[in-house]
Every structure is written in C-alpha cells, then in structure tokens.
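What follows is the residue order along each chain.
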Amino acid sequence: MPPSTVRDVLRQQGNPTAITLRAMEAVIPPDFMTDPVALAASDLSAPLLGKPRGKRRRA
C-alpha cells in the first residue's frame, strides 16, 4: 500500500475502501491495545474516517 494512502486515511482525507481498511488492519498486532483499562489510561483514540457530515436542519 502506498504511504500516501495511509497518510490520507490518517489525516481523514478521502474515503478509503473496505479493502484499504482491511489491508491496514492486517498489520496491527492482535494484542495491540486490547486492554480497555490501558487504552482509557493512554488517552489514545481512533480517528474518525472520512469527512464529518454537516448538521442536519430540522423541519
């Protein structure tokens, strides 16, 4: 996978395909941050993918 694709996903630019996301997931070790207590204490969070939607207008 080209480094530019990974960069775009991490910067929340574009809309990655399921194939791209699976390829990125495949390199994450199975034991990476599986402890919820350790994850909460680390202040890490997963970035949202894609661009945020605008607020919907109420009718």
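Placed above this text is the structure.
Structure report, in brief. (Residues numbered from 1 in each chain as written. Predicted model: local features only at pLDDT ≥ 70, side-chain atom pairs only at ≥ 80, totals over all residues. Heavy atoms only, no water.)

### Observations regarding the overall build of the protein chain
Then step 1. If you tally the helices and strands in the protein chain, you get three helices and zero strands.
Then step 2. Traced from its N-terminal end to its C-terminal end, the protein chain shows the element sequence α-α-α.
Then step 3. For the protein chain, with 59 residues in total, the buried portion stands at 8%.
Then step 4. Accessible area of the protein chain: about 5700 Å², with a carbon and sulfur share of 58%. (Helix = DSSP H or I, 4+ residues; strand = E, 2+ residues; numbered from the N terminus. Buried < 20%, exposed > 50% of the residue type's maximum accessible area, 1.4 Å probe, protein only. Areas by Shrake-Rupley, 256 points an atom, 1.4 Å probe, with all protein chains shown as cover.)

### Some words on unusual backbone geometry
Then step 1. Phi is positive for Gln12, which is not a glycine, with a value near 60°.
Then step 2. Relative to the helices and strands, Gln12 resides in the loop between helix 1 (3–10) and helix 2 (18–26).

### Observations concerning the environment of Val6
Then step 1. Here Val6 is to be found in helix 1.
Then step 2. For Val6, a relative accessible area of 28% translates into the label partly exposed.
Then step 3. Those residues in contact with Val6 that sit more than four places away from it in its chain are Met1 and Met24. (Contact = heavy atoms within 4.5 Å.)

### Examining a nonpolar patch on the surface
Then step 1. Taken together, the side chains of Val27, Ile28 and Phe32 present a nonpolar region at the surface, about 330 Å² in accessible area.
Then step 2. Structurally, Phe32 is set in the loop between helix 2 and helix 3 (36–42).
Then step 3. For Phe32, a relative accessible area of 51% puts it in the exposed group. (Patch = residues over 30% accessible without salt bridge, like charges linked within 9 Å, V, L, I, M, F, W, Y side chains within 5 Å. Salt bridge = Lys/Arg side-chain N within 4 Å of Asp/Glu carboxyl O.)

### Concerning the side chain of Thr20
Then step 1. Locating Thr20 in the fold gives a position in helix 2.
Then step 2. Residue Thr20 is classed as buried on the basis of its relative accessible area of 16%.
Then step 3. Excluding residues within four positions of it along the chain, Thr20 makes contact with Met1, Thr5 and Val9.

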